[in-house]
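So you can see what is in the structure, the chains are spelled out below.
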Amino acid sequence: MEFTVIGHWGAYPETNEATSGYLIEHKSSKVLLDCGSGVLSGLQNYVMLEDLDTVFITHLHADHIADMYSLEFATLILMQMGKRTTPLDIYVYCKDLTKLDFCYPEYVKVHPIDLQATVAIGDMTFTFSENIHDVPSCAVKVSSSEGKCLVYSGDTGYCQSIIEFSRGSDVLVLESSFYNVQKGLNNGHLTAGEAGDIAALAQTGQLILTHLPHYGDHNQLVMEASSHFDRQIQLAYCGMKLTI
Ligand SMILES: O=c1ccn([C@@H]2O[C@@H]3COP(=O)(O)O[C@H]3[C@H]2O)c(=O)[nH]1
């Protein structure tokens, strides 16, 4: 299974970069986790849009969905050009799918993310867990037929469910929106220390810190996480690739 960071910024993208977006590839399957601002452009460095199978949207904040409707238009055009033959499946975690602004149901099939369900795509399965955030928000677990597993937190505050959901994962991609000194500023996000604590309790194989703040020294985030978690910790960056 290949994991590629398309965008790792919280809130807004820095120059030529993107907010949340992660590509998962396994055999011929290509899946996008979140589709924030800048993701649609950056994604095309790695895949042709007509080859994308499925998108999972963890919650409806702009830094996770800003390019989602542009992706619908791209799918429409690619299908009209005959480059793509099947509609794009988009799974969304939200209260009410009817409030979304998709326009072309013949090109994009929108599905609710059901926390009880497993979605199979090729030889991967996707499962979900509820987070703490200020809108409905879920974490996603990707498991391959080879028995490997990656968990992506989406946006979450500190909660037992993300620890349990991440237990034994090979790779844990955890948001780290804040430095330790900011603890308590917003209970819907993690500090780096909390991310390290979750990684340690979940006994994950390695931790990737993402959804990064636009200020401070990101190496400080790694130091803060490492005071809890003694395995490998990396900062996400645009174009980062891992084979899992
Ligand atoms: O007190 C605050 C509140 C928010 N923020 C950022 O704005 C983003 C808004 O969307 P989000 O919830 O996906 O992520 C949030 C953070 O990245 C912040 O840095 N400090």
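Residues numbered from 1 in each chain as written. Predicted model: local features only at pLDDT ≥ 70, side-chain atom pairs only at ≥ 80, totals over all residues. Heavy atoms only, no water.

## Some words on the overall build of the protein chain
Move 1: Within the protein chain, the regular secondary structure consists of six helices and 14 strands.
Move 2: In terms of C-alpha radius of gyration, the protein chain reaches 17 Å, essentially the compact-globule figure of 18 Å for 244 residues.
Move 3: Taken along the three principal axes of its C-alpha coordinates, the protein chain extends 55 × 35 × 35 Å.
Move 4: When the 244 residues of the protein chain are sorted by exposure, 56% land in the buried category.
Move 5: Surface exposure of the protein chain reaches about 10,100 Å², of which carbon and sulfur atoms provide 50%.
Move 6: Placing the 13 positive and 29 negative side-chain charges of the protein chain at their respective mean positions leaves the two points 6 Å apart. (Helix = DSSP H or I, 4+ residues; strand = E, 2+ residues; numbered from the N terminus. Rg over C-alpha atoms; globule rule 2.2 N^0.38 Å. Buried < 20%, exposed > 50% of the residue type's maximum accessible area, 1.4 Å probe, protein only. Areas by Shrake-Rupley, 256 points an atom, 1.4 Å probe, with all protein chains shown as cover. Lys, Arg positive; Asp, Glu negative; His and termini not counted. Charge placed at Lys NZ, Arg CZ, Asp CG, Glu CD.)

## Examining the pairing of strand 8 (residues 124-130)
Move 1: Where strand 7 (residues 119-121) lies against strand 8, three bridges are found, and the strand directions are antiparallel. Paired with I121 across the two strands is M124, which belongs to strand 8.
Move 2: Counted between consecutive antiparallel strands, the loop separating strand 7 from strand 8 contains two residues, among which G122 sits at a positive phi close to 55 degrees. (Pairing = 2+ DSSP bridges.)

## Regarding the state of the cysteines
Move 1: Overall, the coordinates contain zero disulfides when judged by the stated rule.
Move 2: Sulfur of C35: no disulfide; nearest cysteine sulfur belongs to C238 and is 14 Å away.
Move 3: The exposure class of C35 is buried, given its relative accessible area of 1%. (Disulfide = S-S within 2.5 Å.)

## As for the environment of C103
Move 1: The topology assignment puts C103 in the loop between strand 5 (88-92) and strand 6 (108-112).
Move 2: As a C-alpha pair, C103 and E72 span 31 residues in sequence and 8.2 Å in three-dimensional space.

## Comments concerning the confidence of the model for the protein chain
Move 1: On average, the protein chain scores 98 in pLDDT, and the residues at 70 or more come to 100%.
Move 2: Under the prediction, the complex receives an ipTM of 0.92, its pTM being 0.98. (pLDDT = per-residue confidence, 0-100.)

## Let's talk about helix 3 (residues 68-80)
Move 1: With 13 residues, helix 3 extends 19 Å from end C-alpha to end C-alpha; this agrees with the ideal 18 Å at 1.5 Å per step.
Move 2: Those residues of helix 3 not exposed but buried are M68, L71, E72, A74, T75, L76, L78 and M79.
Move 3: Those residues of helix 3 that are buried are in contact with helix 1 (39-43), strand 4 (54-57), helix 2 (62-65), strand 5 and strand 6. (Expected span 1.5 Å × (residues − 1). Contact = heavy atoms within 4.5 Å.)

## What about the nonpolar core?
Move 1: Judged by nonpolar contacts, the single largest core of 28 residues is most densely connected at F3, I24, L33, F56, F126, V142 and L150.
Move 2: Mapped by element, the contributors of at least two residues to this core are strand 1 (2-7), strand 2 (21-26), strand 3 (29-33), strand 7, strand 8, strand 9 (138-144), strand 10 (149-152) and strand 11 (171-175).
Move 3: When near neighbours in sequence (up to four residues on either side) are disregarded, L33 contacts G21, Y22, I24, F56, F126, V140, V142 and Y152.
Move 4: V47, V92, C94 and V108 belong to the second largest nonpolar core, which has 25 residues in total. (Core = buried A, V, L, I, M, F, W, Y, C linked by side-chain atoms within 4.5 Å.)

## Focus on the UniProt feature "domain: Metallo-beta-lactamase" (unreviewed entry) in the protein chain
Move 1: Those residues carrying the UniProt feature "domain: Metallo-beta-lactamase" (unreviewed entry) are residues 30-211 in this numbering.
Move 2: For residues 30-211, helix accounts for 22% and strand for 27%, while the C-alpha atoms at its two ends are 22 Å apart. (UniProt positions renumbered as here; feature names shortened; annotations may be inferred.)

## Thoughts on the packing of helix 5 (residues 192-202) against helix 6 (residues 218-226)
Move 1: Two numbers describe how helix 5 lies on helix 6: the axes approach to 7 Å, and their chain directions differ by 40 degrees. By the criterion of interaxial angle, the relationship of helix 5 to helix 6 is oblique. Relative to helix 6, the crossing made by helix 5 is right-handed. For the pair helix 5 and helix 6, the contacting residues are A192, G193 and G196 in the first and L221, E224 and A225 in the second.
Move 2: Of the residues assigned to the contact of helix 5 with helix 6, the class counts are three nonpolar, two polar and one charged. (Axes fitted to C-alpha atoms, helices over the stretch in contact; angles between N-to-C directions. Parallel < 35°, antiparallel > 145°, perpendicular 65-115°, else oblique. Left-handed = near helix turned anticlockwise from the far one by under 90°. Nonpolar A, V, L, I, M, F, W, Y, C, P; charged D, E, K, R; others polar.)

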